[in-house]
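# Coordinate inspection notes
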Amino acid sequence: MKIVIVYRHEDGRLAALSQVRELYAADNMEVEVIQAPDELVFSFTRTVREYLGEYDGIVMVCDADCYVPRRQIVQAEALCRKGYIMVSPYDGMVVEKECGAVLGRVIRNDGRGGAVVLNYRPYREICRGENPNFRLWGDEDHERWERVSKFMRIPRVSGPIFHYAHPKADPGHPYAQDNLNELNKARVMSCEQIEEYVKTWR
């Protein structure tokens, strides 16, 4: 199983990434850090899509500022091996912590982003993998969830995800509405419509 972290050195998450890598190392779990392109308009989803290519195993795609405990990752992997396309390695609880801090605070109980475990071959073959139409950041986690859930239930593993605080990027960008449009398509389309729509992806 791979653990893949996408990182762009300009997004202010270097300290968080260092913390996350230390935690996974302490869990004896290797991670692969993908450097996202430095181009002005980059795509995290396209970066993952191109990096994994024809990979046919199980992978956890994780944000650079998020950590999931080993026990939860192992349980999520086991569920994928039972046939699930996608598993959330946490139960929705997001705990935010400062780097180096022992304690954190719960900031939400309905999280869908930060990390996801994918049975990548059926994810690629049935759902066509990551949506390449996203630009910059925003709504890609929710779009993935909505799209996959049309084909199969998405189980959750008990336990939280830990988000490490970092300087926030500008929340707005000119592609935010385009990203939201991709999410809304996944929300309203049937399985048959999704199957036709993803054939247009390049």
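Provided above is the structure to which this section pertains.
Read on for a plain summary of the structure. (Residues numbered from 1 in each chain as written. Predicted model: local features only at pLDDT ≥ 70, side-chain atom pairs only at ≥ 80, totals over all residues. Heavy atoms only, no water.)

### Observations regarding the overall build of the protein
Along the backbone of the protein there are 7 helices and 9 strands. In summary, the protein has a C-alpha radius of gyration of 16 Å against a globular reference of 17 Å for 202 residues, a match within 12%. The principal-axis extents of the C-alpha atoms in the protein amount to approximately 45 × 40 × 30 Å. Residue burial in the protein is summarised as follows: out of 202 residues, 50% are buried. Of all intrachain contacts in the protein linking residues separated by at least 6 positions in sequence, the fraction that spans at least 24 positions is 81%. On the protein, roughly 9900 Å² of surface is accessible, and the fraction owed to carbon and sulfur atoms is 51%. (Helix = DSSP H or I, 4+ residues; strand = E, 2+ residues; numbered from the N terminus. Rg over C-alpha atoms; globule rule 2.2 N^0.38 Å. Buried < 20%, exposed > 50% of the residue type's maximum accessible area, 1.4 Å probe, protein only. Contact = heavy atoms within 4.5 Å. Areas by Shrake-Rupley, 256 points an atom, 1.4 Å probe, with all protein chains shown as cover.)

### Brief notes about the sheet that holds strand β6 (residues 94–97)
With mixed pairing, the 4 strands of this open sheet are ordered in space as β4-β9-β6-β7. This sheet does not close on itself; its edge strands, each paired only once, are β4 (66–67) and β7 (105–108). Note that β6 and β7 share 3 bridges and pair antiparallel. Residue pairing across strands places V95 opposite V106, the latter belonging to β7. (Pairing = 2+ DSSP bridges.)

### Describing the packing of helix α5 (residues 140–149) against helix α6 (residues 176–188)
Two numbers describe how α5 lies on α6: the axes approach to 8 Å, and their chain directions differ by 15 degrees. Comparing the axis directions of α5 and α6 gives the class roughly parallel. The handedness of the crossing between α5 and α6 is left-handed. For the pair formed by α5 and α6, the contact residues are H142, E143, E146 and R147 on the first element and E182, L183, A186 and R187 on the second. When the residues that make up the contact of α5 with α6 are grouped by side-chain class, the tally is 2 nonpolar, 1 polar and 5 charged. (Axes fitted to C-alpha atoms, helices over the stretch in contact; angles between N-to-C directions. Parallel < 35°, antiparallel > 145°, perpendicular 65-115°, else oblique. Left-handed = near helix turned anticlockwise from the far one by under 90°. Nonpolar A, V, L, I, M, F, W, Y, C, P; charged D, E, K, R; others polar.)

### Focus: the nonpolar core
With 30 residues, the main nonpolar core has I5, Y24, M60, C62, V68, I73 and I161 as its most contacted residues. Put simply, the parts of the chain that give this core at least two residues each are β1 (2–7), α1 (14–26), β3 (58–63), β4, α3 (70–81), β6, β8 (115–119) and β9 (161–164). Considering each element in turn, this core owes the most residues, 4 residues, to α1. Among all residues touching I73, those that are not within four sequence positions of it are M1, I3, Y24, M29, M60 and V68. (Core = buried A, V, L, I, M, F, W, Y, C linked by side-chain atoms within 4.5 Å.)

### Focus on unusual backbone geometry
Leave glycine aside and you will find that most residues have negative phi; peptide bonds, for their part, are mostly trans. The phi dihedral of R128 falls on the positive side, at around 65 degrees, and the residue is not glycine. Within the element layout of this structure, R128 appears in the loop between α4 (120–127) and α5.

### Topic: the packing of aromatic side chains
The description of an aromatic ring pair rests on the distance of the ring centres and on the angle between the ring planes. All told, the structure shown has 6 aromatic pairs when counted by the stated rule. Above the face of the Y90 ring, R156 is positioned so that its terminal group lies 5.8 Å from the ring centre. (Phe/Tyr/Trp six-rings, centres within 6.5 Å; stacked < 30°, edge-to-face > 60°. Lys NZ or Arg CZ within 6 Å of the ring centre and 35° of its normal.)

### Here we look at the pairing of β8
The buried fraction of β8 is high, at 5 of 5 residues. On β8, burial covers both faces: A115, V117 and N119 on one face and V116 and L118 on the other are all buried. Where β3 lies against β8, 5 bridges are found, and the strand directions are antiparallel. What sits directly across from I58, in β8, is N119. Relative to β8, strand β5 (residues 86–87) is paired through 2 bridges, and the arrangement is antiparallel.

### Description of the sheet that holds β3
Taken in spatial order, the 5 strands of this open sheet run β2-β1-β3-β8-β5, and their pairing is mixed. Of all strands in the sheet, those with a lone pairing partner are β2 (32–35) and β5, marking the two edges. Across the face of the sheet, helix α2 (residues 44–52) comes into contact with β1, β2 and β3 while running at roughly 140 degrees to β1.

### Digging into the pattern of salt bridges
Where charged atoms from two side chains of opposite charge approach closely, those side chains can pair. By the definition in use, this model includes 12 salt bridges. Note that R144 is salt-bridged to D141, the shortest N-O span being 3.2 Å. Here D141 and R144 lie together in helix α5, a separation of 3 residues that amounts to about one turn. The residues R144 and D141 share a single accessibility class, namely buried. (Salt bridge = Lys/Arg side-chain N within 4 Å of Asp/Glu carboxyl O.)

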